[in-house]
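Summary of the model geometry
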Amino acid sequence: LDLTIERVGAPFTQLVFDLGFAGRGMDRKIFYEVPITELAVSRMRLGEGERMALFTLEELLREPRVTPWDLYGVVLHARRKIVASALRRPDQE
């Protein structure tokens, strides 16, 4: 995409999962929150593939080519306030 990242934030979350059923074993993914500006998006240029597009969460949920672990990371980020609220203990309120 020829995207220049100006600032990478701290890791957002990580996922460790077992793909033994697919002959792969344990795997780990670390998800980072990478803020990008509209200007950076407008400067993106497709280098390979047939097209590029931005997706809303709802559109991404309907996209069959997204790997489950990447989808998990995006959904968790999009709903992070809901998740944090649901996991908050009563003594933290």
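Shown above is the structure to which this text applies.
Residues numbered from 1 in each chain as written. Predicted model: local features only at pLDDT ≥ 70, side-chain atom pairs only at ≥ 80, totals over all residues. Heavy atoms only, no water.

**Describing the packing of aromatic side chains**
Geometry of an aromatic ring pair is reported as the spacing of the ring centres plus the angle between the planes. Per the counting criterion, the structure on display carries one aromatic pair. Centre to centre, the rings of phenylalanine 17 and tryptophan 69 are 5.1 Å apart; their planes meet at 15°, and the pair counts as stacked. Note that phenylalanine 17 is positioned in strand 1 (residues 11-18) and tryptophan 69 in helix 3 (residues 68-78), a separation of 52 residues in sequence. Tryptophan 69 gets classed as partly exposed once you look at its relative accessible area, which sits at 23%. (Phe/Tyr/Trp six-rings, centres within 6.5 Å; stacked < 30°, edge-to-face > 60°. Helix = DSSP H or I, 4+ residues; strand = E, 2+ residues; numbered from the N terminus. Buried < 20%, exposed > 50% of the residue type's maximum accessible area, 1.4 Å probe, protein only.)

**Focus on the side chain of aspartate 27**
Examined against the element boundaries, aspartate 27 turns out to sit in strand 2 (residues 26-32). Looking at aspartate 27, its side chain comes within polar contact range of the side chain of arginine 24, at 3.2 Å. (Polar contact = N/O pair within 3.5 Å; in protein donor to acceptor, adjacent residues only side chain to side chain.)

**Quick word on the layout of surface pockets**
It is a probe the size of a water molecule, rolled over the atoms, that shows where empty space is left. Quantified by volume, the largest pocket comes out at close to 1,200 Å³. Breaking the lining of the largest pocket down by element, the ones donating at least two residues are strand 2, helix 2 (57-61) and helix 3. The element contributing the most residues to the lining of the largest pocket is helix 3, with five residues. Class assignment of the residues belonging to the lining of the largest pocket gives a composition of 19 nonpolar, three polar and five charged. (1 Å grid on protein atoms, 1.4 Å probe; cavity = no way out; pocket = protein on both sides within 12 Å on 5 of 7 lines; lining within 4 Å. Points joined across faces, edges and corners; volume = space filled by probe spheres on them. Nonpolar A, V, L, I, M, F, W, Y, C, P; charged D, E, K, R; others polar.)

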